[in-house]
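Residue-level structural notes
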Amino acid sequence: DAVLLLSPEYHSAMSGALKNTIDFLSSTQFLHKSVGLIAMAGGGKGGINCLNNMRTVMRGVYANAIPRQLVLDPSVFDYDRDGLTKEAAEQVDGLIEELKMYARIAQEVKEILPQVVHEELDGMYSVAYGNMVGVLIEAMKEQQIMIDELKKEGHISKTENQRLFTQKDLDI
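Residues numbered from 1 in each chain as written. Predicted model: local features only at pLDDT ≥ 70, side-chain atom pairs only at ≥ 80, totals over all residues. Heavy atoms only, no water.

With that settled, the discussion passes to helix α2 (residues 48-60). When the terminal C-alpha atoms of α2 are compared, their 18 Å separation across 13 residues agrees well with the 18 Å that a helix rising 1.5 Å per residue should span. Buried residues of α2: C50, L51, M54, R55, V57 and M58, and no others. An end-on view of α2 places all buried positions within 165° of arc, on one side of the element. Exposed residues on α2 whose side chains face more than 90 degrees from its buried face are R59 and G60. Buried-residue contacts for α2 involve β1 (2-8), α1 (16-25), β2 (34-40) and β3 (64-72). Phi turns positive one or two residues past the end of α2, at Y62, with a value near 65°. (Helix = DSSP H or I, 4+ residues; strand = E, 2+ residues; numbered from the N terminus. Expected span 1.5 Å × (residues − 1). Buried < 20%, exposed > 50% of the residue type's maximum accessible area, 1.4 Å probe, protein only. Arc of directions from axis to C-beta. Contact = heavy atoms within 4.5 Å.)

Turning next to the sheet that holds β3. Strand pairing in a sheet relies on backbone hydrogen bonds. The paired strands run either parallel or antiparallel. Here we have three strands laid out as an open sheet, ordered β1-β2-β3, and parallel in their pairing. A single partner strand is all that each edge strand has here, and the edge strands are β1 and β3. For this sheet, the mean angle separating the axes of adjacent strands, direction not counted, is 15°. In the sheet, β2 pairs with β3 via six bridges, with the strands oriented parallel. Residue pairing for β3: V35 is matched across the bridge by A65. Set on the sheet, α2 makes contact with β1, β2 and β3; between it and β2 the angle comes to about 155°. (Pairing = 2+ DSSP bridges. Axes fitted to C-alpha atoms, helices over the stretch in contact; angles between N-to-C directions.)

This part is about the pattern of salt bridges. As enumerated under the stated definition, the model contains seven salt bridges in all. When the shortest N-O distance is used, the salt bridge between R68 and E98 registers 3.8 Å. Pair noted here: R68 is in strand β3 and E98 is in helix α3 (residues 86-112), with a separation of 30 residues, a long-range link. Overall, R68 belongs to the partly exposed group, its relative accessible area being 37%. Among the ionic pairs, E90 bridges to K86, the shortest N-O distance being 3.9 Å. Note that E90 and K86 are positioned in helix α3 at a spacing of four residues, about one turn of the helix. Its relative accessible area of 64% is what places K86 among the exposed residues. (Salt bridge = Lys/Arg side-chain N within 4 Å of Asp/Glu carboxyl O.)

So, in structure tokens, the structure goes:
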């Protein structure tokens, strides 16, 4: 399950209609869902404030706005064919594919870390990525113990030893 938000930039923010809709829906509809962001604005730096505003609001409703985002300015619209230019359409398709990838991750993560996956009332899954940090740190600690044991037993050669990252290398 995922959400794609699109808004024109009005006065350095998303449209009031979109903000009112999000406020009406509340966080229960967005909780841990993957969200893609697209803004429409006139050239230059237009659109970035809208994207930042949407990203901030999505954090407020506990959604996971994906890293990829897109600004569409007037030059990317093909007004004769009532669509986008080929390059802009490919960028939108790429964002949608990435959004789908994030949405599918929940099914894969559920089998490994069920404690960070939430099943929604509609049967869709979402991931609480913040809850994964502790589990990943503990896994790195266990991995380091295994590496140290292999070193002691001589199972790791000097060449292999130089390639392995340790907690010291990562400043953990």
